[in-house]
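Results of the structural survey
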Amino acid sequence: MTGPQRIVCLTEEPTETLYALGEQHRIVGISGFTVRPAIARKEKPKVSAFTSARIGEILGLEPDFVIGFSDIQSEIAAELIKQGVEVWISNHRSVEGILDYIRRLGALVGAGDKANAYADELQHGLERIERDSATLARRPRVYFEEWDEPPITGIRWVAELIRIAGGDDVFPERSVESLAKHRILADAGEVVRRAPDIILGSWCGKKFRPEKVAARPGWQAIPAVRDGELHEIKSPLILQPGPAALTDGVREIAKIIQAWSLRQHPL
């Protein structure tokens, strides 16, 4: 058997990917935020959050490879590297990046062929959704909110999935900013001016409250608020840059957009 044999996953997407590839036997520890697949929470010890980790417990698992995500986990990575652990921190932020991540992760564990086939399958699924969305009578303008206080707009892969599902993100210029602090709306009135037809909320780690959004000063003028088009996308489906976003996440967005289109243009 090739590749690392004792992997700790500091975020959900490597766990979900390795399970999808049938390589879950390599995983010895996971993030406490992992919800996909559900069986991982039952089988694997939870040793990290997102910005913190129990370094001693991780070292006790004797990992030969640790996988994390983004600059936010740089301190965890640095501490493990100082202890002689091999660490891979990915930093992908786009749909293409997610697909490439799956291919690279597969290659790293000696499952390159399976990973390529899986990534191709995910790509074909996105292409089918994009073909279906091309039949919409009109593309809705969509505001995606990642957090409410302060309002934070959607990241790049979210904006791209909205486009694939048939909509147009109203803050495309912000979606390219990889750091959340650069996607904070200093003036929430900008959402009113951009007049989204649909509002999608995915408040990381807490329930989306459409009634609170609708009650914001001046937001009654927004078409989405006027028409009651405020919808929650559960954060595990869309805010992890892994398989979930490219499957259940984008399908949920497409379902909302298709329903909106039918209400706007009944058959």
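Before any of the text, the structure's been laid out above.
Before going into details, it helps to say that this report is about the structure given with it.

Calculation rules
Residues numbered from 1 in each chain as written. Predicted model: local features only at pLDDT ≥ 70, side-chain atom pairs only at ≥ 80, totals over all residues. Heavy atoms only, no water. Helix = DSSP H or I, 4+ residues; strand = E, 2+ residues; numbered from the N terminus. Rg over C-alpha atoms; globule rule 2.2 N^0.38 Å. Areas by Shrake-Rupley, 256 points an atom, 1.4 Å probe, with all protein chains shown as cover. Lys, Arg positive; Asp, Glu negative; His and termini not counted. Charge placed at Lys NZ, Arg CZ, Asp CG, Glu CD. Core = buried A, V, L, I, M, F, W, Y, C linked by side-chain atoms within 4.5 Å. Buried < 20%, exposed > 50% of the residue type's maximum accessible area, 1.4 Å probe, protein only. Contact = heavy atoms within 4.5 Å. Salt bridge = Lys/Arg side-chain N within 4 Å of Asp/Glu carboxyl O. Pairing = 2+ DSSP bridges. Axes fitted to C-alpha atoms, helices over the stretch in contact; angles between N-to-C directions. 1 Å grid on protein atoms, 1.4 Å probe; cavity = no way out; pocket = protein on both sides within 12 Å on 5 of 7 lines; lining within 4 Å. Points joined across faces, edges and corners; volume = space filled by probe spheres on them. Nonpolar A, V, L, I, M, F, W, Y, C, P; charged D, E, K, R; others polar. Phe/Tyr/Trp six-rings, centres within 6.5 Å; stacked < 30°, edge-to-face > 60°. Lys NZ or Arg CZ within 6 Å of the ring centre and 35° of its normal. Right-handed = clockwise from strand over helix to strand, strands pointing away.

Okay, the overall build of the chain next. A count of helical and extended segments in the chain gives 13 helices and 10 strands. Since a compact globule built from 267 residues should have a radius of gyration of about 18 Å, the 20 Å found for the chain is in line with a globular shape. In terms of overall dimensions, the chain has a C-alpha envelope of 55 × 35 × 30 Å along the principal axes. In the structure as shown, the chain presents an accessible area of about 12,000 Å², 53% of it carried by carbon and sulfur atoms. Averaging the positions of the 35 positive and the 38 negative side-chain charges in the chain gives two centres separated by 3 Å.

In this structure, Trp157, Leu161, Leu200, Ile238, Leu246 and Ile253 are the most contacted members of the largest nonpolar core, which totals 49 residues. When residues of this core are assigned to their parent elements, the largest contribution, 8 residues, is made by helix H13 (residues 243-264). Aside from chain neighbours lying at most four places away, what touches Ile253 is Leu161, Ile162, Ala165, Leu200, Ile233 and Ile238. Judged by nonpolar contacts, the second largest core, of 14 residues, contains Phe171, Leu185, Ile199 and Ala224.

Let us look at the pattern of salt bridges. Evaluation of the coordinates by the stated rule reveals 26 salt bridges. Ionic pairing is found between Arg36 and Glu16, a salt bridge with its closest N-O pair at 3.0 Å. Highlighted residues: Arg36 in the loop between strand E2 (27-31) and helix H2 (38-43) and Glu16 in helix H1 (residues 12-20), separated in sequence by 20 residues. Judged on exposure class, the residue Arg36 and its partner Glu16 are both buried. A salt bridge links Glu190 to Arg193, with the nearest nitrogen and oxygen atoms 2.9 Å apart. Residue Glu190 and its partner Arg193 are both found in helix H9 (residues 189-194); the two are separated by 3 residues, about one turn of the helix.

Right, let's get into the sheet that holds strand E3 (residues 46-48). An order of E3-E2-E1-E4-E5 is seen for the 5 strands of this open sheet, with the pairing classed as parallel. Both outer strands of the open sheet, E3 and strand E5 (87-90), are each paired with one neighbouring strand and no more. With direction set aside, neighbouring strand axes in the sheet form an average angle of 25°. Across 4 bridges, the pairing between strand E4 (residues 65-69) and E5 is parallel. Following the sheet pairing, Ile67 is matched in E5 by Trp88. Of the strands in this sheet, E4 and E5 are in contact with helix H5 (residues 95-108), which crosses E5 at around 170°.

A few words now on the layout of surface pockets. Within this model, the largest pocket holds a volume of roughly 840 Å³. Along the walls of the largest pocket sit 36 residues, with Phe50, Glu146, Cys204, Leu239 and Gln240 positioned nearest its centre. Listing elements by their share of the lining of the largest pocket, those giving two or more residues are H1, strand E6 (141-148) and helix H12 (235-238). Across the lining of the largest pocket, the residue classes tally to 19 nonpolar, 8 polar and 9 charged.

Turning our eyes to something else, we now look at the packing of aromatic side chains. For any pair of aromatic rings, geometry is given as the distance between the ring centres together with the angle between the planes. In this structure the tally under the stated criterion is 4 aromatic pairs. Between Tyr143 and Phe171 the ring centres are 5.8 Å apart and the planes differ by 70°, which places this aromatic pair in the edge-to-face class. Taken as a pair, Tyr143 in strand E6 and Phe171 in the loop between strand E8 (168-169) and helix H8 (172-175) lie far apart in primary sequence, 28 residues in all. Clustering of aromatic rings is evident, with ring pairs tying together Tyr143, Phe171 and Trp219. It is Lys206 that lies over the ring of Trp147; its NZ or CZ is 4.3 Å from the centre. Sitting over the face of the ring of Trp219, Arg216 holds its NZ or CZ atom 4.7 Å from the ring centroid.

Moving on to the pairing of E4. A regular strand places its side chains on the two faces of the sheet in alternate fashion. The buried count for E4 comes to 5 of 5 residues, which makes it a mostly enclosed element. A two-sided burial pattern is seen for E4, the buried positions comprising Phe65, Ile67 and Phe69 on one face and Val66 and Gly68 on the other. For strand E1 (residues 7-9) and E4, the ladder comprises 3 bridges, and the chain directions are parallel. When the bridges of E4 are listed, Val8 appears paired with Val66. Regarding topology, helix H4 (residues 74-82) serves as the crossover connection from E4 to the parallel E5, and that connection is right-handed.

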